[in-house]
Amino acid sequence: MRVNEKYSTLPAEDRSVHIINICAIEDIGYLPSEGTLLNSLSVDPDAECKHGLYFRDGRRKVDYILVYHPKRPSGSRTLARRVQHSDAALAARGARHDQPLPGKGSVGAAGGPEPPVDYHEDDKRFRREEYEGNLLEAGLELERDEDTKIHGVGFVKIHAPWNVLCREAEFLKLKMPTKKLYHINETRGLLKKINSVLQKITDPIQPKVAEHRPQTTKRLSYPFSREKQHLFDLSDKDSFFDSKTRSTIVYEILKRTTCTKAKYSMGQGEGRKKDSALLNKRRKCSKYGITSLLANGVYSAAYPLHDGDYEGENMDFNDRKLLYQEWASYGVFYKYQPIDLVRKYFGEKIGLYFAWLGVYTQMLIPASVVGIIVFLYGCATVDENIPSMEMCDQRHNITMCPLCDKTCSYWKMSSACATARASHLFDNPATVFFSVFMALWAATFMEHWKRKQMRLRYHWDLTGFEEEEEAVKDHPRAEYEARVLEKSLRKESKNKEKRRHIPEESTNKWRQRVKTAMAGVKLTDKVKLTWRDRFPAYFTNLVSIVFMIAVTFAIVLGVIIYRISTAAALAMNSSPSVRSNIRVTVTATAVIINLVVIILLDEVYGCIARWLTKIEVPKTEKSFEERLIFKAFLLKFVNSYTPIFYVAFFKGRFVGRPGDYVYIFRSFRMEECAPGGCLMELCIQLSIIMLGKQLIQNNLFEIGIPKMKKFIRYLRLRRQSPSDHDEYVKRKQRYEVDYTLEPFAGLTPEYMEMIIQFGFVTLFVASFPLAPLFALLNNIIEIRLDAKKFVTELRRPVAVRAKDIGIWYNILRGVGKLAVIINAFVISFTSDFIPRLVYLYMYSENGTMHGFVNHTLSSFNVSDFQNGTAPNDPLDLGYEVQICRYKDYREPPWSEHKYDISKDFWAVLAARLAFVIVFQNLVMFMSDFVDWVIPDIPKDISQQVHKEKVLMVELFMREEQGKQQLLDTWMEKDRKKDEPCNNHGPKACLDSPEYPGGAL
């Protein structure tokens, strides 16, 4: 039987491969649509296609992969039967679907009973075939492979030919390097010598990659244009567009290409009849790209391929292997990152993240050094601190009031000697200097990053990217289009119901039809979601966020009750060692509970934030990402810092006084700060939560969970083929290996953990000067951990162009401003820095700190205890106590206004508030001054950008001059040809050899 000449049948053993080649028309990027089924048979197909990186012909590179789960077609229906359900666009291609496609097998050829129809799977298959047909019309080339080594998984390999790449590069305005080379302005004089010395010193810590070497020349870049291809070096077309750019172009086509969502809605037997108008409306409006097809399960995955293997001596050297050796290995932790190579392989957005992480880690080095110096200063002066020496002096014999009712007895202040000495390590005059330093450090870090970002934008040819980003960000999401479609169909059905009940006048019949048609156009084109449509989602967001914050507060309150009840229980213990370590035991266990709850709630809040953002149905991906980041940051910020805020600003503030304490639920007395203040407890709380989150959540989870998933996949693989496992792994294609990797989930989790860490470093740095050091050590590991995850554990993400880090920069600035205010309150209200200054300059008799401890303690007559609150064992110290002391500024019991707040309290409070105002305004002014002094754009970069513009103008001017000269030459030739005709008459002109054929 004669078949269509456009097709050639494949042998039975190669029916799993389906290749169609569609070229593009020349003038608009397409050629006449010629479907060609290629039969590529070879002895070693894996060698030709280089283990899945190329098509079966070994020439065309695989730029993208679509994954689906193939199933047998229901019944004996062939593709020709299904094509009848398609629209007119698919009908034009119906001629080449007259027979089943190779690779799918012949269905129903042997006859027999028809199996049950699975309309859901038929719908998926129909949409895949329609979508792939549209991809073919867009100029892409496809090759299907269902005979894979992964059971039940099929792959569609996509290749973008040269003309499609050129067309899309022009549409996307991709800047590509031209033939024009120019020299980069180099520094001269002293700066040049300093730079050369620094290069020699830092040479051992530079990565050994070509992209990282200092360059003296740069190619002029210009948005690609097919009309100006002569400007670009097209000698090697295969490498002109790198793999990152090719996958980006294909992904843009996949997003833009749509298919109708015409589902089968028939039941058993004859099925149901659908309203044809509604079906046509659905088929016209309901068009979705690859994101919707992935969400609906039509395809199970879509991803670009990695360049090859990263391990093995016999493997071809590629960028992935180079990144693994020079970036993703723990052995190169001391080296700079090859940021240009990261951008070349993963794209600008991921490159900017790692560049920002590198700058942040680099800036932590001076902060860590100063923090260590502050800590060492506290260690060196601990024996000279007079207040802690007075607390530890047994001769003072200060008897303190009980810490709880009934079960707790009186205690000696000298028993808190260790806490007082330890608190001096973090509560000393150097802490104030360090707080000011860290505020200026945060401002300098932000300015340094802006300058680094501008350098990267120049080197990566992103200087004119703003306009392109504005055009991309308006592209609606698939979920938004689905909601708009649902709303338009609902409006249309309501209009139909109204027209059924309203009798139509014969005179206005034509007008009614016009109105109906116009209404249909408005439904498809002008419908959008308003605040009324989103109001239920907004209300749900508000209620959910308030509820989650209330849950966080409730958990903190529960931990407070745990601390109070545990302290009371331990006070009844008969062991003196247990009773002497009550504060340490309660604080440590409570912080561990807080840490576990924070880690668990972080995961829960991340899922809730994503769900809340989804139900809002943002229009664009940029809007979706920003709303998700805001919700996740708000919830995680509250979750991480609420316990710390409690210890810093609320603990010990509302306890009352002996004889008139404040109670929770009328039974739990509010807990007090230690005699040395709450700063030491704040330091313990901050250090354990920060280190615990970094060790468990950031590192252990990132290492352990991927390894566990990989091990589970390994076990499943061994169960499927335990005998041929090694051979099975060796023969897997590149796209099969990448399919087993974890999908890329975005950069939000990576940024989030670093922003939370930045908060720990800046917000409460006055209480923990070693926070920058621990953050530095964590980030050194974090960079290599993230790098290894991107190179070895994740599928290759689609390269996304970006000119900055987006909303994260604004969050960083907000945290930096908030840090100034919080540190001012920590120094003035949490530490004893202000009370010491007030005592030193207002109350000290000899200008020293002697007597400061006694000045901060008030007296209480034990006979004034309320009934049932006095200690059960008043003689626990071996003598009868008449007067006990407590930390507060109140009048003594022998005063006329006993137990009232004294004037010393108001003097200290006024000093504290004055310090907050002065500190905040002074540091804010200094930070803004740093912002003003340091320019956002480096001078050399601004000069280079200006030079590029001048060179580009000169290039086009020379091109226009060349065209003009060529035109003048042609006109001169024409003029010389016309001269003989004018001098000798028309007969001479006709007889001349210029006019073959002679006279007419």
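Keep in mind it's a predicted model, so treat the numbers as computed, not measured. (Residues numbered from 1 in each chain as written. Predicted model: local features only at pLDDT ≥ 70, side-chain atom pairs only at ≥ 80, totals over all residues. Heavy atoms only, no water.)

## So, the overall build of the protein
Within the protein, the secondary structure is distributed over 33 helices and 17 strands. Sorting the 1000 residues of the protein into buried and exposed places 48% on the buried side. Contacts spanning at least 24 positions in sequence make up 81% of the contacts within the protein whose residues lie at least 6 apart. Working note: accessible area of the protein is about 51300 Å², and carbon and sulfur atoms make up 59% of it. (Helix = DSSP H or I, 4+ residues; strand = E, 2+ residues; numbered from the N terminus. Buried < 20%, exposed > 50% of the residue type's maximum accessible area, 1.4 Å probe, protein only. Contact = heavy atoms within 4.5 Å. Areas by Shrake-Rupley, 256 points an atom, 1.4 Å probe, with all protein chains shown as cover.)

## Observations concerning the environment of S329
Position of S329 among the secondary structure elements: in the loop between α11 (319-326) and α12 (339-346). Measuring from C-alpha to C-alpha, the distance between S329 and I783 comes to 9.9 Å, with 454 residues separating the pair along the chain. Sequence-distant contacts of S329, defined by excluding residues within four places in its chain, comprise Y324 and R784.

## Observations concerning the pattern of salt bridges
This structure, assessed with the given rule, holds 43 salt bridges. A salt bridge links R60 to D57; the nearest nitrogen and oxygen atoms lie 2.8 Å apart. Under the relative-accessibility criterion, D57 is labelled buried at 12%. Between K349 and E625 there is a salt bridge; the shortest N-O distance is 3.2 Å. Note that K349 is positioned in helix α13 (residues 348-380) and E625 in helix α23 (residues 621-650), a separation of 276 residues in sequence. Bridged by salt links that share partners, the residues D57, R59, R60 and E141 form one connected network. (Salt bridge = Lys/Arg side-chain N within 4 Å of Asp/Glu carboxyl O.)

## Quick word on the state of the cysteines
Across all of its chains, the model carries 3 disulfides by this definition. Note that C392 is cross-linked by a disulfide to C417, the S-S spacing being 1.8 Å. Residues C392 and C417 are joined through a disulfide that is right-handed, its torsion about the S-S bond being 95°. Here C392, found in helix α14 (residues 386-392), pairs with C417, found in helix α15 (residues 417-424); they are 25 residues apart in sequence, far enough to count as distant. There is a disulfide in this structure between C404 and C408, and the S-S distance comes to 1.6 Å. In this structure, the disulfide formed by C404 and C408 twists by about 95° around the S-S bond and is classed as right-handed. Judged by its relative accessible area of 12%, C404 falls in the buried class. Judged by its relative accessible area of 9%, C408 is buried. (Disulfide = S-S within 2.5 Å.)

## Let's talk about the pairing of strand β3 (residues 141-145)
With 5 of 5 residues buried, β3 is to be regarded as a mostly interior element. Neither face of β3 is left uncovered, since the one carrying E141, E143 and D145 and the one carrying L142 and R144 both have all their residues buried.

## Quick look at the packing of aromatic side chains
According to the stated counting rule, one finds 53 aromatic pairs in the structure shown. Geometry around Y458 places K218 over its ring, the cationic atom sitting 5.1 Å from the centre. The aromatic ring of Y345 is capped on one face by R796, whose charged end is 3.9 Å from the ring centroid. (Phe/Tyr/Trp six-rings, centres within 6.5 Å; stacked < 30°, edge-to-face > 60°. Lys NZ or Arg CZ within 6 Å of the ring centre and 35° of its normal.)

## Here we look at the UniProt feature "transmembrane region" (unreviewed entry) in the protein
Taken from the UniProt record, the annotation "transmembrane region" (unreviewed entry) applies to residues 353-377, 430-449, 538-564, 584-608, 628-649 and 754-777. The distance from the first to the last C-alpha atom of residues 628-649 is 30 Å, and the span holds 100% helix and 0% strand. (UniProt positions renumbered as here; feature names shortened; annotations may be inferred.)

## Considerations on the environment of D393
Mapped onto the secondary structure, D393 falls in the loop between α14 and β10 (399-400). With 22 residues separating them in the primary sequence, D393 and S415 have C-alpha atoms 10.0 Å apart.

## Here's the deal with unusual backbone geometry
The phi dihedral of K173 falls on the positive side, at around 55°, and the residue is not glycine. Position of K173 among the secondary structure elements: in the loop between α5 (162-171) and β5 (175-183). Positive phi, close to 60°, is recorded for D461, a residue that is not glycine. Residue position: D461 is located in the loop between α16 (429-459) and α17 (466-473).

## Brief notes about the pairing of strand β16 (residues 857-861)
Buried residues dominate β16, accounting for 4 of its 5 residues. Summarising the sheet, β16 and strand β17 (residues 883-887) pair through 5 bridges and their orientation is antiparallel. The partner of S858 across the bridge, within β17, is Y886. (Pairing = 2+ DSSP bridges.)

## Things to note about helix α27 (residues 748-762)
Helix length check: α27 (15 residues) gives 21 Å between terminal C-alpha atoms against 21 Å at 1.5 Å per residue, within 8%. The element α27 is extensively covered by neighbouring structure, given that 14 of its 15 residues are classed as buried. (Expected span 1.5 Å × (residues − 1).)

## Structural notes on the confidence of the model for the protein
Detailed reading of the predicted coordinates is not advisable wherever pLDDT falls low. Considering every residue of the protein, the mean pLDDT works out to 77; 78% of them sit at 70 or more. By mean pLDDT, the top-scoring element of the protein is α13 (93), and the lowest-scoring one is helix α2 (residues 79-83) (35). In this model, residues 993-1000 is a region of pLDDT below 50 whose contacts with residues beyond four sequence positions or in other chains number 6 contacts. (pLDDT = per-residue confidence, 0-100.)

## Remarks on the packing of helix α20 (residues 531-571) against helix α22 (residues 582-616)
The interhelical angle for the contact between α20 and α22, taken along N-to-C directions, is 170°, at an axis separation of 10 Å. Compared by their axis directions, α20 and α22 come out roughly antiparallel. Its residues placed into classes, the contact of α20 with α22 shows 22 nonpolar, 9 polar and 3 charged. (Axes fitted to C-alpha atoms, helices over the stretch in contact; angles between N-to-C directions. Parallel < 35°, antiparallel > 145°, perpendicular 65-115°, else oblique. Nonpolar A, V, L, I, M, F, W, Y, C, P; charged D, E, K, R; others polar.)

## A word on α13
Taking 1.5 Å per residue as the helical rise, α13 with its 33 residues ought to reach 48 Å, and the 48 Å between its terminal C-alpha atoms agrees with that figure. The axis of α13 is deflected most strongly, by about 25°, at I365, and proline P366 appears within four residues downstream. (Bend = angle between axes of the 7 residues up to and from the residue.)

## With respect to the environment of S423
Structurally, S423 can be placed in helix α15. Measuring from C-alpha to C-alpha, the distance between S423 and G677 comes to 8.0 Å, with 254 residues separating the pair along the chain.

## Section: the nonpolar core
Core analysis: the biggest nonpolar cluster contains 116 residues, and W327, F346, W356, Y360, W441, F764 and I805 have the highest contact counts within it. Those residues in contact with W327 that sit more than four places away from it in its chain are L322, V332, Q337, P338, V342, F346, F354, I783, R784, A787 and V791. The next biggest cluster of nonpolar side chains, apart from the first, holds 45 residues, and it includes L142, L231, F232 and F240. (Core = buried A, V, L, I, M, F, W, Y, C linked by side-chain atoms within 4.5 Å.)

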